[in-house]
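This is what each chain is made of:
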Amino acid sequence: MNIRKVIFSFIVLTFLYGTSLFFLDIDNNTVSNFQSALQFLPFLMVLTTISIFLRYIRWYWLLLFAGYSTPFGRGFLFYVSGFALTATPGKIGELLRIRYFQKVNVPPSLTVSAFFFERSCDLLTVLMLGSFAAATFDIFPILAAIILTIVCLILALARYPFYLRVGIYFLRRLKFRQLALYSRVLLKGLSGTYRWVEPQSLLIAFLLGGIAWLILSISFIWLLSTTNTNASLLQAISVYPIAMLAGAISMLPGGVGSTEATIIMQLNYYGASLTKAGIIAVSIRIATIWFAILCGLLAIVFLENEK
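Residues numbered from 1 in each chain as written. Predicted model: local features only at pLDDT ≥ 70, side-chain atom pairs only at ≥ 80, totals over all residues. Heavy atoms only, no water.

Here's the deal with the packing of helix α11 (residues 233-250) against helix α12 (residues 258-269)
Part 1 of the reasoning: The contact between α11 and α12 brings their axes to 8 Å, and the two run at 145°. The way α11 lies across α12 gives a crossing that is right-handed. Counted together, Ser238, Val239, Tyr240, Ile242, Ala243, Met244, Ala246, Gly247 and Ser250 of α11 and Ser258, Thr259, Thr262, Ile263, Gln266 and Leu267 of α12 form the full contact between these two elements.
Part 2 of the reasoning: The class makeup of the residues in the contact of α11 with α12 is eight nonpolar, seven polar and no charged. (Axes fitted to C-alpha atoms, helices over the stretch in contact; angles between N-to-C directions. Helix = DSSP H or I, 4+ residues; strand = E, 2+ residues; numbered from the N terminus. Left-handed = near helix turned anticlockwise from the far one by under 90°. Contact = heavy atoms within 4.5 Å. Nonpolar A, V, L, I, M, F, W, Y, C, P; charged D, E, K, R; others polar.)

Here is the structure:
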């Protein structure tokens, strides 16, 4: 596998987060505040690792429920590899996992199914966590409407795949054979998501996903101790989830820019200066998406070089 694009994306993201500090009106006080935030990063990365592991347990359960028992340890590396391309619109790059799970006889369509089911659960979970501040921001109902529309669209296409079949037919007629092939995998993947729409799977998926995302919200609150805000506990818990929703809707790679801007806007509303809000936004993103991409890259390097 050629991982040059993955490495390039990682370097670009690192550059963006590094240079963003220079737009925060750097002075001695700013440097001091950033150094104060940096001391939390190792602990925040541990929390991110726990969150990723809980989401992997959910993934492992989804495959097991579908009748595929995968090696737990290697499966974790397969799962983490997807995060190397998480900074893509809709996180669609995480489907890189198809390459590795095929090695243990998991069909590509099942990996796609698990991806869409997992993504739908995550969107609804993050929406629930963000609802704690629903009365504070007028934009929340708009975010909620868009997210619910996306999830309903996924479920509708999964339940009624006829419309995708029509699209595939026209792609073939127009000689877009490669795109038609990918669309067939997408069709099978979306159709397969319905196997988990039953009480036991939904309970496990939302329970593990809820704990995983709540851990990230708690890690964000930990960072807030470096500044003074007038946000209540529930409002503080909702800041990061609301920013994640805004990032997802923006369809920018990894929500880069839109997520940070939403965090800054919210913290500024709660009384933090723009500079301090910017430092917290950059710090939490380093400890989450930047760290996840690094873990994914390391997993790929290991998997591509194993004998």
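What about a nonpolar patch on the surface?
Part 1 of the reasoning: Among the surface-exposed residues, Phe43, Val46, Ile50, Leu214, Ile218 and Trp222 lie close enough to one another that they form a single nonpolar patch of about 500 Å² accessible area.
Part 2 of the reasoning: Broken down by secondary-structure element, the contributors of at least two residues to the nonpolar patch are α3 (41-65) and α10 (199-224).
Part 3 of the reasoning: Relative to the assigned elements, tryptophan 222 resides in helix α10. (Patch = residues over 30% accessible without salt bridge, like charges linked within 9 Å, V, L, I, M, F, W, Y side chains within 5 Å. Areas by Shrake-Rupley, 256 points an atom, 1.4 Å probe, with all protein chains shown as cover. Salt bridge = Lys/Arg side-chain N within 4 Å of Asp/Glu carboxyl O.)

Digging into unusual backbone geometry
Part 1 of the reasoning: Positioned with a positive phi, asparagine 105 is a non-glycine residue whose angle comes to about 70°.
Part 2 of the reasoning: Inspection of the secondary structure puts asparagine 105 in the loop between α5 (97-101) and α6 (108-130).

Some remarks on the environment of arginine 55
Part 1 of the reasoning: Position of arginine 55 among the secondary structure elements: in helix α3.
Part 2 of the reasoning: The class for arginine 55 is buried, based on a relative accessible area of 5%.
Part 3 of the reasoning: Expressed as a C-alpha distance, the spacing of arginine 55 and glycine 210, which sit 155 residues apart in the sequence, is 9.5 Å.
Part 4 of the reasoning: Setting aside residues no more than four positions away along its own chain, arginine 55 makes contact with Tyr79, Phe83, Glu118, Asp122, Ala212 and Trp213. (Buried < 20%, exposed > 50% of the residue type's maximum accessible area, 1.4 Å probe, protein only.)

A look at the packing of aromatic side chains
Aromatic ring pairs: the centre-centre distance and the angle between the two ring planes describe each pair.
Part 1 of the reasoning: Evaluated as defined, the whole model comprises 18 aromatic pairs.
Part 2 of the reasoning: Ring plane angle 50° and centroid distance 4.8 Å describe the contact between phenylalanine 43 and tryptophan 222, whose orientation is recorded as tilted. In this pair, phenylalanine 43 is assigned in helix α3 and tryptophan 222 in helix α10, connecting sequence segments 179 residues apart.
Part 3 of the reasoning: Judged by its relative accessible area of 41%, tryptophan 222 is partly exposed.
Part 4 of the reasoning: Arranged with centres 5.5 Å apart and planes meeting at 75°, the rings of tyrosine 269 and tyrosine 270 form a pair that is edge-to-face.
Part 5 of the reasoning: Given a relative accessible area of 51%, tyrosine 269 falls into the exposed group.
Part 6 of the reasoning: What makes tyrosine 270 buried here is its relative accessible area of 3%. (Phe/Tyr/Trp six-rings, centres within 6.5 Å; stacked < 30°, edge-to-face > 60°.)

A closer look at the pattern of salt bridges
Part 1 of the reasoning: All chains considered together, the criterion is met by eight salt bridges.
Part 2 of the reasoning: Arginine 97 is the partner of glutamate 94 in a salt bridge, and the nearest nitrogen-oxygen pair spans 3.1 Å.
Part 3 of the reasoning: Exposure remark for glutamate 94: the relative accessible area of 1% places this residue in the buried category.
Part 4 of the reasoning: Arginine 97 is paired through a salt bridge with glutamate 118; the nearest N and O atoms lie 3.8 Å apart.

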